Amino acid sequence: MPLIIANLKCNPSTLREARRLFISLKKGLGNIRKAQVVVCPPFLYIPELIKIFGRAGKIKFGAQDCFWEKEGAFTGEVSPLSLKSIGVSFVILGHSERRINFAESDEMINKKLKAALSVGLLPILCVGETKKERREGRTFQVLKKELRVGLKGVSAKNASKIILAYEPIWAIGSGKPCELNEIIVEVLSIRKIIAALYRKKVAREVKVVYGGSIDAENISKYSTDSNLQGFLIGGASLNSREFMKIVGTIVKKNSDFNF
Ligand code: 13P
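Residues numbered from 1 in each chain as written. Predicted model: local features only at pLDDT ≥ 70, side-chain atom pairs only at ≥ 80, totals over all residues. Heavy atoms only, no water.

(A) Representation of the overall build of the chain in the model. Looking only at helices and strands, the chain features twelve helices and eight strands. Here the chain has a C-alpha radius of gyration of 17 Å; the compact-globule value for 259 residues is 18 Å, and the two agree. Counting only C-alpha atoms, the chain reaches 45 × 45 × 35 Å along its principal axes. The buried share of the chain, taken over its 259 residues, is 54%. Nonlocal contacts in the chain, meaning residues at least 24 apart in sequence, comprise 74% of its contacts between residues at least 6 apart. Surface summary for the chain: the accessible area is close to 12200 Å², and the carbon and sulfur share equals 51%. Computed over 43 positive and 24 negative side-chain charges, the inter-centroid distance for the chain is 6 Å. (Helix = DSSP H or I, 4+ residues; strand = E, 2+ residues; numbered from the N terminus. Rg over C-alpha atoms; globule rule 2.2 N^0.38 Å. Buried < 20%, exposed > 50% of the residue type's maximum accessible area, 1.4 Å probe, protein only. Contact = heavy atoms within 4.5 Å. Areas by Shrake-Rupley, 256 points an atom, 1.4 Å probe, with all protein chains shown as cover. Lys, Arg positive; Asp, Glu negative; His and termini not counted. Charge placed at Lys NZ, Arg CZ, Asp CG, Glu CD.)

Now the structure itself:
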C-alpha cells in the first residue's frame, strides 16, 4: 500500500476551517483501504481530527514536530508521550521549514527522533538539499550528514521502521517538483547511505517518500516507480478535493506498492 502523508503545516488558521476540511476528507477517504493516509495538522487540531475520523478508522494521525523530553519545565514544547497518549502514531521531524526558521540542528532532530521512537511514535525524517547545494554537486554529502547524525544511536530494528522523506528544499512550495528520474537517483543515494550506516536489509526495508510541489495535476507522472513508497503533500493537502484526487491517482497506479 502506498503511504500518503498530508502535512498541513500552519494551516488552516481557524478551527472552523480545519473542521470543514476534516469532515470533507472523512467523507472521501474515511474508508480507504488501498493506501495508508496520514494527516498531520497543527497540534491544536489533532483532537478534532481524531474525533472526526475516529481512532479505529483507516486514517492515521501525525504531528509536525515533537520535543525530545517526555515532560518537564520546557515552556511551549509538546511531549512525544502526550502525542502518543491522544492517539497520534506518526511525527514529522527535521522538516526544512523547522531547520531553516527555527535553527533545528541534526543533533536536535536526532534527540527528537529517539524520544519519538521511545514512546512508539513512527518518525518521518525529512532530508534534502538546497538549490545551491545541488548546483555545487553536494546533494549526496548533505543527505549523508542529515542521515548519519539524524539516526545516530538508532538501532537497525528501529531504523527500518522509520519513514524517510526526500524533500529537496528548492522543490517545496515552488510549484516545480523534482523530476522522477532525479528523485530516484536521490532515493537510491538514501538507500546506499542507510546500507552503509546499517546493512543492506535495512536499506531495502526502510520506506522512502517524496515531498515537494506534488499536486493533483502532476501526481500521475510520479506514481509509477516502485523505489518510492509514497508522498508527503503540503499545499495540495489543504484542498480536500485536490488531496483526494492525488490519493485516487496514486491508488490507481500503485496497487503493488507495499507499506
Ligand atoms: P508542498 O507540497 O507545498 O511543496 O510542501 C511539501 C512539504 O514540505 C511537505 O512536507
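There's more to say after this.
(B) Broad picture of the site of the ligand. Around the ligand, the neighbouring residues are Asn7, Lys9, His95, Glu167, Ile172, Gly173, Gly212, Ser213, Leu232, Gly234 and Gly235. One nitrogen or oxygen atom from the main chain of Gly173 is found 2.7 Å from an oxygen atom belonging to the ligand. With respect to the ligand, the backbone of Gly234 contributes an N or O atom lying 2.9 Å from an oxygen atom. Relative to its unbound accessible area of 300 Å², the ligand is 95% covered by the protein chains. Across the shell around the ligand, the residue classes tally to two nonpolar, seven polar and two charged. (Near = heavy atom within 4 Å. Polar contact = N/O pair within 3.5 Å; in protein donor to acceptor, adjacent residues only side chain to side chain. Nonpolar A, V, L, I, M, F, W, Y, C, P; charged D, E, K, R; others polar.)

(C) Region of interest: the pattern of salt bridges. All chains considered together, the criterion is met by 16 salt bridges. Glu48 serves as the salt-bridge partner of Lys51, at 3.7 Å between the closest nitrogen and oxygen. With Lys51 and Glu48 both in helix α2 (residues 46–53), this residue pair falls three residues apart, about one helical turn. For Lys51, a relative accessible area of 64% puts it in the exposed group. As a salt-bridge pair, Arg98 and Asp65 come within 3.2 Å of each other at their nearest N and O atoms. Taken together, the residues span a long stretch of sequence, with Arg98 in helix α4 (residues 96–101) and Asp65 in the loop between β3 (60–63) and α3 (80–86) at a distance of 33 residues. (Salt bridge = Lys/Arg side-chain N within 4 Å of Asp/Glu carboxyl O.)

(D) Looking closely at the packing of helix α7 (residues 139–150) against helix α9 (residues 180–197). Relative orientation of the contacting elements α7 and α9 amounts to 45 degrees, with a least axis distance of 10 Å. Viewed along their axes, α7 and α9 adopt a mutual orientation that is oblique. Crossing geometry of α7 relative to α9 is assigned as right-handed. Two secondary-structure elements touch here, α7 through Thr139, Phe140, Leu143, Lys144, Leu147 and Arg148 and α9 through Glu186, Ser189, Ile190, Ile193, Ile194 and Leu197. Broken down by class, the residue content of the contact of α7 with α9 amounts to seven nonpolar, two polar and three charged. (Axes fitted to C-alpha atoms, helices over the stretch in contact; angles between N-to-C directions. Parallel < 35°, antiparallel > 145°, perpendicular 65-115°, else oblique. Left-handed = near helix turned anticlockwise from the far one by under 90°.)

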